[in-house]
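Listed here are the chains, written in short residue letters.
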Amino acid sequence: MEELVSMPKVELHAHLNGSVRDSTLLELARVLGDEGIIVFSDVEHVIMKDDRSLHEVFKLFDLIHILTTDHKTVTRITKEVVEDFAYENVVYLELRTTPKKNDSKGMSKRSYMEAVMEGLRAVTVVDVDFALQTSDTRTSMKGLPINDTCHGARRKKIYVRLLLSIDRRETTEAAMETVKLALEMRDLGVVGIDLSGNPIVGEWNTFLPALKFAQEQGLCITLHCGEVPNHQEIQMMLDFLPKRIGHACCFREEDWKKLKSSKIPVEICLTSNIRTNTISSLDIHHFADLYNAKHPVILCTDDSGVFSTSLSKEYSLASSAFGIGRKELFQLARNGIDYIFADDEVKGDLTEIFNSAAKELD
Ligand code: 5GP
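S.K.: How would you sum up the layout of surface pockets? Please name residues and give values.
M.R.: As a volume, the second largest pocket reaches approximately 420 Å³. What lines the second largest pocket is a set of 33 residues, and nearest its centre among them are Phe58, Phe61, Ser196, Gly197 and Asn198. Sorting the residues of the lining of the second largest pocket by element identifies α4 (54-68), β2 (90-97), β5 (153-167) and α12 (270-275) as the ones contributing at least two each. Among the elements that take part in the lining of the second largest pocket, α4 stands out by supplying 8 residues, more than any other. Here the lining of the second largest pocket is composed, by residue class, of 7 nonpolar, 17 polar and 9 charged.

Here's what the structure looks like:
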């Protein structure tokens, strides 16, 4: 396991509010309990529960959002989540979150995202590269390679890019607002749009205008696709040609054919799929077929807090369930560079990082 922790990794499917530490959620719940806003004992066992159906997961998110949705807490959880990924040598993190409007907290989608940015700036234990850089700042950042030795101490660096999520409960107008915000925040490291939220809620056609607009404007799109059997929607999503999709659990033969011929990379979240019973057992998980067919795949956590996992654990699980060796796992992580939404310069930097780690592996 230690080897997998120290291996450089690329995380492309992580939801901010799903990646919050349990200890932080409990602390926040205690405060709201003391203020009489919630009953702590009711909430404690919901936070600590292990197995949840997909339906229960979305109920949990409603609770998490009550605990986390004020500016100060959004900043705090962003900082902690980035630090947690950096600790286990995630060198590139694409973090996704749904910009939230909450009038009672004076929160707009923009101010929510500004609180996220503040969280990125607040990280001190590692160097965070999160905004598009001018060539000057890039040159000076070049002096800060990953795991640089600084005053005798090892400094880590993590590249963070953001995806703004559209929640399936949202209207076309709300989805469009998120896309426009993403376009305005491009210089701050927003690289794309995600469609997520309860898969049994909402219609593809509601989100399509905003997603099309985003695609036309050059934002990269990833879609939660096939978490429930909805053949028509899966086909429409694949026809849309997103840059990546997440999950792909309930595909039929025709869907696999279309996916494989399109070569759309798939973000695979093993623990999440098993915990939510979207896939009944790893023996029948589609990862094996896609991996053996050399279809682009990348292992991801989805919600490391909610599912008590980490990216290293996901690699360990893939190793034990599918018999993948150390070098192949390294290659699997390295392949992720091809599927990131950041620019070629970042891809070049990541390639260097993996090349130097490969020398240590030999
Ligand atoms: P947030 O966007 O609030 O930072 O992260 C939590 C949100 O991400 C959830 O409310 C939900 O909309 C979305 N999400 C997290 N995990 C999943 C998942 O496994 N499937 C889907 N469809 N959405 C998810």
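S.K.: Lay out the side chain of aspartate 167 with the relevant residues and their values.
M.R.: Following the sequence through the fold, aspartate 167 ends up in strand β5. When its relative accessible area of 14% is taken as the criterion, aspartate 167 is described as buried. A distance of 2.8 Å separates a polar side-chain atom of aspartate 167 from the backbone nitrogen of arginine 169. Excluding residues that lie within four positions of it along the chain, aspartate 167 makes contacts with Thr98, Ser196, Gly197 and Phe207.

S.K.: How would you sum up the site of the ligand? Please name residues and give values.
M.R.: Around the ligand, a shell composed of 17 residues is seen, among which His65, Thr97, Thr98, Lys100 and Glu227 lie nearest. Residue asparagine 17 places a main-chain N or O atom 3.0 Å away from an oxygen atom belonging to the ligand. Lysine 100 places a side-chain nitrogen or oxygen 2.7 Å from an oxygen atom of the ligand. For the ligand, whose unbound accessible area comes to 500 Å², protein coverage reaches 99%. At a threshold of 2 Å from the grid points, most atoms of the ligand map onto the second largest pocket. With 3 residues, the top contributor of residues to the shell around the ligand is α4. Tallied by class, the residues present in the shell around the ligand amount to 3 nonpolar, 9 polar and 5 charged.

S.K.: I'd like a description of the confidence of the model for the protein, backed by residues and values.
M.R.: Considering every residue of the protein, the mean pLDDT works out to 92; 94% of them sit at 70 or more. With pTM at 0.94, the complex prediction returns an ipTM value of 0.99.

S.K.: So what about the packing of helix α2 (residues 22-34) against helix α3 (residues 40-48)? Which residues, and what values?
M.R.: At a minimum axis distance of 10 Å, the contact between α2 and α3 shows a crossing angle of 165°. The angle between α2 and α3 falls in the class roughly antiparallel. In the packing of α2 onto α3, the handedness of the crossing is right-handed. Touching Asp22, Leu25, Leu26, Ala29, Arg30 and Gly33 of α2 are Phe40, Val43, Glu44, Ile47 and Met48, all from α3. Of the residues that constitute the contact of α2 with α3, the class distribution is 7 nonpolar, 1 polar and 3 charged.

S.K.: Describe helix α14 (residues 311-322), listing the residues and the values that go with them.
M.R.: In an α-helix, one turn spans 3.6 residues, which is why side chains three or four residues apart end up on the same side. Look at α14: 16 Å from first C-alpha to last across 12 residues, which is about the 16 Å you get at 1.5 Å a residue. Restricting attention to buried positions, one finds in α14 the residues Leu311, Ser312, Glu314, Tyr315 and Ala318. The arc that holds the buried residues of α14, viewed along the axis, is 165°, so those residues lie on one side. Close packing links the buried residues of α14 with α1 (2-6), β1 (9-15), β2, α12, β10 (297-299) and α15 (326-335). Immediately beyond the C-terminal end of α14, within one or two residues, lies glycine 323, with a positive phi of roughly 60°.

S.K.: Lay out helix α16 (residues 344-361) in plain terms, naming residues and giving numbers.
M.R.: The terminal C-alpha atoms of α16, which comprises 18 residues, lie 25 Å apart, in line with the 26 Å expected from a rise of 1.5 Å per residue. Val346, Asp349, Leu350, Ile353, Phe354, Ala357 and Ala358 are the residues of α16 that are buried. N-capping of α16 is provided by aspartate 343, with a side-chain oxygen placed 3.2 Å from the backbone N of glutamate 345.

S.K.: Talk me through the pattern of salt bridges; I want residue IDs and the actual numbers.
M.R.: By the definition in use, this model includes 22 salt bridges. A salt bridge links arginine 21 to aspartate 84, with the nearest nitrogen and oxygen atoms 2.8 Å apart. One end of the pair, arginine 21, is in the loop between β1 and α2; the other, aspartate 84, is in helix α5 (residues 71-87), with 63 residues separating them in the sequence. For arginine 21, a relative accessible area of 27% gives the class partly exposed.

S.K.: Describe the side chain of serine 165, and please don't skip the residues or the numbers.
M.R.: Note on placement: serine 165 falls in strand β5. Of the residues examined, serine 165 reaches a relative accessible area of 1% and is grouped as buried. One polar contact links serine 165 to aspartate 194, side chain to side chain, over a distance of 2.7 Å. Excluding anything up to four places from it in sequence, serine 165 contacts Arg96, Thr97, Thr98, Pro99, Glu170, Thr178, Asp194 and Ser196.

What counts as what
Starting from 1, residues in each chain are numbered consecutively following that chain's sequence as written. Reporting in this predicted model follows two pLDDT cut-offs: at least 70 for local features of residues, and 80 or more for side-chain atom pairs to be given and counted; totals over whole chains, interfaces and linings ignore these cut-offs and use all residues. Hydrogens and waters are ignored; side-chain quantities use all the structure's heavy atoms. Buriedness of a pocket was judged along seven lines, with at least five required to meet protein on both sides within 12 Å; pockets are open sets of points on a 1 Å grid over the protein atoms alone, cavities are sets where a 1.4 Å probe fits but cannot get out, and lining residues have an atom within 4 Å of a point. Grid points are joined across faces, edges and corners, and a volume is the space filled by probe spheres set on the points. Strands are runs of DSSP state E lasting at least 2 residues, helices are runs of H or I lasting at least 4, and numbering of each runs from the N terminus. Residue polarity is assigned by list, with Asp, Glu, Lys and Arg as charged and Ala, Val, Leu, Ile, Met, Phe, Trp, Tyr, Cys and Pro as nonpolar; anything else, Gly included, falls into the polar class. Only protein chains enter the accessibility calculation, which uses a 1.4 Å probe; a residue is then buried when its area is under 20% of its type maximum, exposed when over 50%, and partly exposed in between. Polar contact is the term for a pair of N or O atoms within 3.5 Å; when the atoms are in protein, one must be able to donate a hydrogen and the other to accept it, and sequence-neighboring residues count only if both atoms are side-chain atoms. When checking whether two residues touch, look at their non-hydrogen atoms; a contact exists if any pair is within 4.5 Å. What makes a residue near a molecule or strand is one non-hydrogen atom of that residue sitting within 4 Å of it. Each accessible area is a Shrake-Rupley result for a 1.4 Å probe, and residues are judged covered by the shown protein chains and nothing else. Being in a pocket or cavity means that more than half of the molecule's atoms lie within 2 Å of its grid points. For every residue, the predictor assigns a confidence score, pLDDT, that lies between 0 and 100. Throughout, an axis means a line fitted to C-alpha atoms (over the contacting stretch in the case of helices), and angles, computed between N-to-C directions, take values from 0 to 180 degrees. When an angle is under 35 degrees it counts as roughly parallel; over 145 it counts as roughly antiparallel; between 65 and 115 it counts as roughly perpendicular; any other value is oblique. Crossing handedness follows the turn of the near helix against the far one: under a right angle anticlockwise gives a left-handed crossing, and clockwise gives a right-handed one. Given the number of residues in a helix, its expected span is that number minus one, multiplied by 1.5 Å. Working definition: the arc comes from the directions between the helix axis and the C-beta atoms, pointing outward to the latter. By definition, a salt bridge exists where a carboxyl oxygen of Asp or Glu is found within 4 Å of a side-chain nitrogen of Lys or Arg.

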